[in-house]
Number of protein chains: 2
Amino acid sequence: MRTLVPFAAVEPKTRLDSVLTADERAEFARVMLRSVCQTLQAAGSEPIVLSTAALEATTLPAGASVVVDDRPLTTAVNDQLTTDTPTLIVMADLPLATPDSIRRLTAASDAAGNDVDIAIAPGLGGGTNALVVRESAFRVDYHGASYLDHREIAADLSATVETVDSRQLATDIDEPSDLAEVLIHGDGPVRAWLVDAGFELDRSDGRVGVRRR
Amino acid sequence: MRTLVPFAAVEPKTRLDSVLTADERAEFARVMLRSVCQTLQAAGSEPIVLSTAALEATTLPAGASVVVDDRPLTTAVNDQLTTDTPTLIVMADLPLATPDSIRRLTAASDAAGNDVDIAIAPGLGGGTNALVVRESAFRVDYHGASYLDHREIAADLSATVETVDSRQLATDIDEPSDLAEVLIHGDGPVRAWLVDAGFELDRSDGRVGVRRR
């Protein structure tokens, strides 16, 4: 199975601009990307980063490769799907992803040896955080409520769909409140980066948030 | 295994007050409670609702029972934990919970026949949405970041802890944006209630939200 990790190299994570500067967002996005690549490697995959711009040599772990494509996410991914090779697509902002959660997704796409055409790990708010595509006619559409759109696209192709129930894969890091999930559940370099940057849990509200020193 | 479902019968779901009236919140909370009880029954459990007030006879499905205790959540639950019987505690606001996700939690507490003292399904924002307690000295503390607190309480007892990776169990319904998860992923009476009340997905933002007609 081929493994793609789309990455927006320029001006990433704009919805974190209330708590991180542009330089910090670029650095934080790369720390998350590296973490996701290492998780995929630990799950037995060989990640190919599909980046909108060339990356510094130190960004990726040894063994991960890069394809540069500066077109929008959906276009760039679909260009990679014109093949019969089963493809795993994992977003670069999933620092809570674990080898086990990745393996649960790939196992769901291959239930008891019966290939499922599309296996989806939904994100919070209707996104598609990770996806296995085994149907060569399937195309992604990451705009808007992509989880619902991907189900519709699959239905139009009469393709079979499995959904994976994973909090770790559902937690993409887009907004300040998402950082709390990393502080609560993370145990790797992404959490360490946030702590170094002065983030700590704010337990004053109903749900725990973050504040920055 | 005994199964408890704590329920705040009076003035529930106050953080939904911007989109639901007090009467609607009371009704919606009961629709969710009934749904959780039915899910637990489908998973083979016999739910006992630990309610802060008596409930209308029609609220619960046949077979579910009620214990009334008007003390605060943590106190009422801990009073039920003074026993050696393994206990599953599931919050009443988890309409996405499925029999499979419940079974994954109970299986995690009994991995390969080796009982785990505490198995936790964390909620978003550091909560504890479902919990299996096999250590009779363990006491809950639902205030604040209870997931972290429960891990600390377990560590103080040298109790073993497993965490379950479930989006369905992580999604408690507290805030308006949570309603989007029910519209996206739900397929039962809780989703139907929201649709009847005029809620629909609002796809205009980054993450999908809700609006009410």
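In the block above lies the structure referred to throughout.
Residues numbered from 1 in each chain as written. Chains lettered and ligands numbered in written order. Predicted model: local features only at pLDDT ≥ 70, side-chain atom pairs only at ≥ 80, totals over all residues. Heavy atoms only, no water.

Draft legend 1. Broad picture of the interface of chain B and chain A. Residue-level contacts link 30 residues of chain B with 30 residues of chain A. A combined buried area of about 2,700 Å² lies between chain B and chain A, and 49% of that area is made up of carbon and sulfur atoms. A per-residue breakdown of the area chain B buries against chain A is headed by Asp165, Arg167 and Arg207 of chain B, which together make up 29% of the total. Summed over the shared surface of chain B and chain A, the number is four salt bridges. Between aspartate 149 of chain B and arginine 203 of chain A there is a salt bridge, with the nearest N and O atoms lying 3.4 Å from each other. The interface formed by chain B and chain A holds 14 residue pairs in polar contact (both at pLDDT 80 or more) in total. In terms of residue count, helix 6 (residues 176–185) of chain B provides more of the side of chain B that touches chain A than any other element does, four residues in total. Tallied by class, residues from the side of chain B that touches chain A come to 10 nonpolar, eight polar and 12 charged. (Contact = heavy atoms within 4.5 Å. Buried area = accessible area lost by both parts, 1.4 Å probe. Salt bridge = Lys/Arg side-chain N within 4 Å of Asp/Glu carboxyl O. Polar contact = N/O pair within 3.5 Å; in protein donor to acceptor, adjacent residues only side chain to side chain. Helix = DSSP H or I, 4+ residues; strand = E, 2+ residues; numbered from the N terminus. Nonpolar A, V, L, I, M, F, W, Y, C, P; charged D, E, K, R; others polar.)

Draft legend 2. Seen up close, the nonpolar core. Phe28 of chain A together with Leu33, Ile89, Leu105 and Leu131 of chain B are the most contacted members of the largest nonpolar core, which totals 66 residues. Excluding residues within four positions of it along the chain, isoleucine 89 of chain B makes contact with Leu4, Pro6, Val77, Leu81, Asn129, Ala130, Leu131, Val133, Val140 and Tyr142 of chain B. Judged by nonpolar contacts, the second largest core, of 65 residues, contains Ala97, Leu148 and Leu169 of chain A together with Ile173 of chain B. (Core = buried A, V, L, I, M, F, W, Y, C linked by side-chain atoms within 4.5 Å. Buried < 20%, exposed > 50% of the residue type's maximum accessible area, 1.4 Å probe, protein only.)

Draft legend 3. Quick peek at the sheet that holds strand 8 (residues 128–133) of chain B. Residue and element names in this part refer to chain B. Strand order across the open sheet formed by seven strands is 3-2-1-4-8-7-9, with mixed pairing between neighbours. Looking at strand neighbours, the two that pair on one side only are strand 3 (65–68) and strand 9 (161–163), the edges of this open sheet. For this sheet, the mean inter-axis angle between neighbouring strands, taken without regard to orientation, is 20 degrees. One ladder, built from four bridges, connects strand 2 (residues 47–51) with strand 3; its direction is parallel. For leucine 50, the partnering residue across the bridge sits in strand 3 and is valine 67. (Pairing = 2+ DSSP bridges. Axes fitted to C-alpha atoms, helices over the stretch in contact; angles between N-to-C directions.)

Remember that the coordinates give geometry; whether it matters functionally is a separate question.
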